Each structure stands twice: as C-alpha cells, then as structure tokens.
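Fold and contact review
For reference, the chains in residue letters:
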Amino acid sequence: MLSTEDDILRAAEAWRREGRAVALATVIETWGSAPRPVGSHLLIDADGRFLGSVSGGCVEGEVITEALDVIGDGQPRTLEFGVADETAWRAGLSCGGRIRVFVERVD
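The text that follows walks through the structure, step by step, so that each part is easy to find. (Residues numbered from 1 in each chain as written. Predicted model: local features only at pLDDT ≥ 70, side-chain atom pairs only at ≥ 80, totals over all residues. Heavy atoms only, no water.)

1. Re helix H1 (residues 5-17)
The end-to-end C-alpha distance of H1, which contains 13 residues, comes to 19 Å, matching closely the 18 Å that a straight helix rising 1.5 Å per residue would cover. Here H1 has its buried residues at Ile8, Ala11, Ala12 and Trp15. Mapping the buried residues of H1 onto a view down its axis gives an arc of 110°, with all of them on the same face. Along H1, the residues that are exposed and aim more than 90 degrees away from the buried face are Glu13 and Arg17. Where H1 is buried, its residues contact strand E1 (22-31), strand E2 (41-45) and strand E3 (50-52). Where H1 ends, the next residue or the one after it, Gly19, has phi of about 90°, a positive value. (Helix = DSSP H or I, 4+ residues; strand = E, 2+ residues; numbered from the N terminus. Expected span 1.5 Å × (residues − 1). Buried < 20%, exposed > 50% of the residue type's maximum accessible area, 1.4 Å probe, protein only. Arc of directions from axis to C-beta. Contact = heavy atoms within 4.5 Å.)

2. Focus on the packing of aromatic side chains
Within this structure, the stated rule accounts for zero aromatic pairs. Taking the ring centre of Trp15 as reference, the NZ or CZ of Arg20 above it sits at 4.2 Å. Lying over the aromatic face of Trp31, Arg98 brings its terminal NZ or CZ to 4.2 Å of the ring centre. (Phe/Tyr/Trp six-rings, centres within 6.5 Å; stacked < 30°, edge-to-face > 60°. Lys NZ or Arg CZ within 6 Å of the ring centre and 35° of its normal.)

3. Let's talk about the side chain of Ser40
Assignment of secondary structure puts Ser40 in the loop between E1 and E2. Its relative accessible area of 1% is what places Ser40 among the buried residues. For Ser40, the side chain forms a polar contact with the main-chain oxygen of Pro37, separated by 2.8 Å. Once you skip the residues sitting within four places of it in the chain, Ser40 turns out to touch Glu5, Ala25, Thr26, Val27, Ser53 and Val54. (Polar contact = N/O pair within 3.5 Å; in protein donor to acceptor, adjacent residues only side chain to side chain.)

4. A closer look at the sheet that holds strand E5 (residues 98-106)
One open sheet accounts for five strands, arranged E3-E2-E1-E5-E4; its pairing is antiparallel. Of all the strands in the sheet, the pair left with one neighbour each is E3 and strand E4 (77-82). Across the sheet, the axes of successive neighbouring strands diverge by a mean angle of 20°, strand direction being ignored. The pairing of E1 with E2 spans five bridges and is antiparallel. (Pairing = 2+ DSSP bridges. Axes fitted to C-alpha atoms, helices over the stretch in contact; angles between N-to-C directions.)

5. So, helix H2 (residues 60-73)
With 14 residues, H2 should cover 20 Å at 1.5 Å per step; its first-to-last C-alpha distance of 20 Å lies within 8% of that length. Against the buried residues of H2 lie E1, E2, E3, E4 and E5.

6. Thoughts on the nonpolar core
Of all hydrophobic cores here, the largest spans 18 residues; its most connected members are Ala25, Leu42, Val54, Val63, Val101 and Val103. For this core, the secondary structure elements donating two or more residues are E1, E2, H2, E4 and E5. No other element matches H2, which puts five residues into this core. The contact partners of Val63, leaving out residues within four places of it in the chain, are Ala25, Leu42, Val54, Leu79, Phe81, Val101 and Val103. Among the nonpolar cores identified, the runner-up in size contains seven residues, and Ile8, Ala11, Trp15 and Leu43 belong to it. (Core = buried A, V, L, I, M, F, W, Y, C linked by side-chain atoms within 4.5 Å.)

Everything listed here is a matter of coordinates, which is why it stays silent on function.
Take a look at the structure:
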C-alpha cells in the first residue's frame, strides 16, 4: 500500500529523529499526463531506502540518485522529466507528460 503524503512527512520526522540523513523529493509541477499529482513526495535516506513516489516508478531511480547527492552536499535542486527528455525515456517516463521535482535535504 502506498503511504499518504502525511505519512511520508511523519516518516521524514521519524527518520531524522533516528539520526538518518534524509532528503525529500516533491512534485512541484506537472504538464499533460503525469503519473503523480503536484504535492506527491518521495523520502530517501543516505542508504538509498525510500518511501513514497513521485512518478509511479518511472523516474524514481534517477530521483534517488540525485537525492543522495543532495544529502551529501546540502544543495537543493529541481529536476525535470518529460517525454522528450532522454533521461525520462531511459528512466521510463513514457506517459506523455512532464514533471518537475524539487529535492531538498531535511535537517
């Protein structure tokens, strides 16, 4: 069962209390057919464990890789995936839409 967005935010708090380094990815914009709505979250820890979804599985691998960099350097970033984007095709975003995902470290 997919966790609710509130569950994911509560998990972010709990993971931080446990001492885990974590990042939170949030869908901030969509165009066309997008697998997850604006406000969807993916929580990632420094060991690559994750909870939630920003794309129904299409681009999670790429987002997790970027999140690990965000955890390491503390620099937030915005990622964009679309049907015409080579990265999106490689990652499997073939739904015809585009998404923008903001990734930030949770301190």
